[in-house]
Amino acid sequence: NISTPYSKVFYNIDNIDWDFFPAIIKSATDHSSLGVTPQSVVLNKTELENRVSYFLKTYKHPALVEVFIDGREFHISLLGNGNLETLPIAEMDFSAFSDIHDRICSFESKFVPNSKHYSEIRTLLPAPLNDKEWELISNAAKSSYKTIGCRDYARIDIRFKDNIPYVLDVNPNPDISYDASMASAAEVSGYSYGEF
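Here the structure is a predicted model, which means the values were calculated and not measured.

Asker: Please clarify how the overall build of the protein chain should be interpreted in this entry.
Answerer: When helices and strands are tallied, the protein chain shows five helices and 10 strands. Against the compact-globule benchmark of 16 Å for 196 residues, the protein chain has a radius of gyration of 17 Å, which places it among compact chains. Over its C-alpha atoms, taken along the principal directions, the protein chain stretches across nearly 50 × 40 × 30 Å. Here the protein chain holds 196 residues, and the buried ones make up 44% of them. Sequence-distant contacts in the protein chain: of pairs separated by 6 or more residues, those separated by 24 or more amount to 64%.

Asker: Explanation requested: the packing of aromatic side chains in the structure shown.
Answerer: Note on aromatic pairs: each is described by the distance of the centres and the angle between the planes. All chains considered together, the criterion is met by eight aromatic pairs. Ring plane angle 85 degrees and centroid distance 5.7 Å describe the contact between Y54 and F55, whose orientation is recorded as edge-to-face. The class for F55 is buried, based on a relative accessible area of 0%. Geometrically, the ring pair formed by Y54 and Y59 is edge-to-face, given 6.0 Å between the ring centres and 85 degrees between the ring planes. Accessibility expressed as a relative area gives 31% for Y54, which makes it partly exposed.

Asker: Could you clarify how one ought to interpret helix α1 (residues 45-59) in this entry?
Answerer: Side chains of residues three or four places apart in an α-helix project in the same direction, reflecting 3.6 residues per turn. For α1, built from 15 residues, the straight-helix expectation of 21 Å at 1.5 Å per residue is met to within 8% by its first-to-last C-alpha distance of 21 Å. Every buried residue of α1 is listed here: L48, R51, V52, S53, F55, L56 and Y59. Where α1 is buried, its residues meet β1 (7-10), β2 (23-27), β3 (41-42) and β4 (63-67). Two or three places before T46, at the start of α1, stands the capping residue N44, its side-chain oxygen 3.2 Å from that residue's backbone nitrogen. K60 lies just past α1 and shows a positive phi near 60 degrees.

Asker: Quick question: what am I supposed to make of helix α5 (residues 181-188) here?
Answerer: Taken together, the buried positions of α5 are M182, A183, A185 and A186. Along the long axis of α5, the arc covered by the buried residues comes to 160 degrees, so they all point the same way. Packing partners of the buried residues in α5 comprise β5 (72-79) and β9 (153-161).

Asker: Just checking my understanding: could you explain the environment of F97 for this structure?
Answerer: By secondary structure assignment, the location of F97 is in the loop between β7 (90-93) and α2 (107-111). Spatially, the C-alpha atoms of F97 and K116 are 9.9 Å apart, while their sequence positions differ by 19 residues. With sequence-adjacent residues up to four places away left out, F97 is seen in contact with D102, R103, K116, H117, E120 and I121.

Asker: I'm lost on the pairing of β4 in this one. Help?
Answerer: Regular strands have side chains that alternate between both faces of the sheet. The element β4 is largely enclosed, with a buried count of four among its five residues. Sheet analysis places β1 next to β4, joined by four bridges and oriented antiparallel. For S7, the partnering residue across the bridge sits in β4 and is E66. In the sheet, β2 pairs with β4 via five bridges, with the strands oriented antiparallel. What sits directly across from I25, in β4, is V65.

What counts, and at which threshold
- Residues numbered from 1 in each chain as written.
- Predicted model: local features only at pLDDT ≥ 70, side-chain atom pairs only at ≥ 80, totals over all residues.
- Heavy atoms only, no water.
- Helix = DSSP H or I, 4+ residues; strand = E, 2+ residues; numbered from the N terminus.
- Rg over C-alpha atoms; globule rule 2.2 N^0.38 Å.
- Buried < 20%, exposed > 50% of the residue type's maximum accessible area, 1.4 Å probe, protein only.
- Contact = heavy atoms within 4.5 Å.
- Phe/Tyr/Trp six-rings, centres within 6.5 Å; stacked < 30°, edge-to-face > 60°.
- Expected span 1.5 Å × (residues − 1).
- Polar contact = N/O pair within 3.5 Å; in protein donor to acceptor, adjacent residues only side chain to side chain.
- Arc of directions from axis to C-beta.
- Pairing = 2+ DSSP bridges.

This is the structure in structure tokens:
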């Protein structure tokens, strides 16, 4: 009962059976948004086939195609085993971007400091959520943590649209460096970096 975007994995470009747009194409086996650019968000079958072909040729891995949830994006950091602690939720604020293609956490947004995505996607921490939204998102994150079998700590990435939290990614070993979202959430919660 955990909502995720409808998806399929494609191993070649023959007979691509997909009719849901907008969609986003990612590598099915890599992480850290490798290859994810504004061109990864596609609006029609031709763009889809071109991007799947690009991933297959460039990365030599299957292409994951998902329905693109054009909603708010949250990073939920969890600590513990059994009784989980939800740290303050971080929101990736895409309000600087009017083009649907730019409302993503691209590779550049994480690793290229002089890029538009790196400089214009703001992190809102804690995210502006009402109690019901916080509960829906936190519960979806906790259910994902337990279902996947995470332990000790993890970060769950969720898109929220029409009061439905769609789990995009379960990160069982997220970045815990001092400036990463998980350590920042711990700091907002009152933990020193050492305590975290």
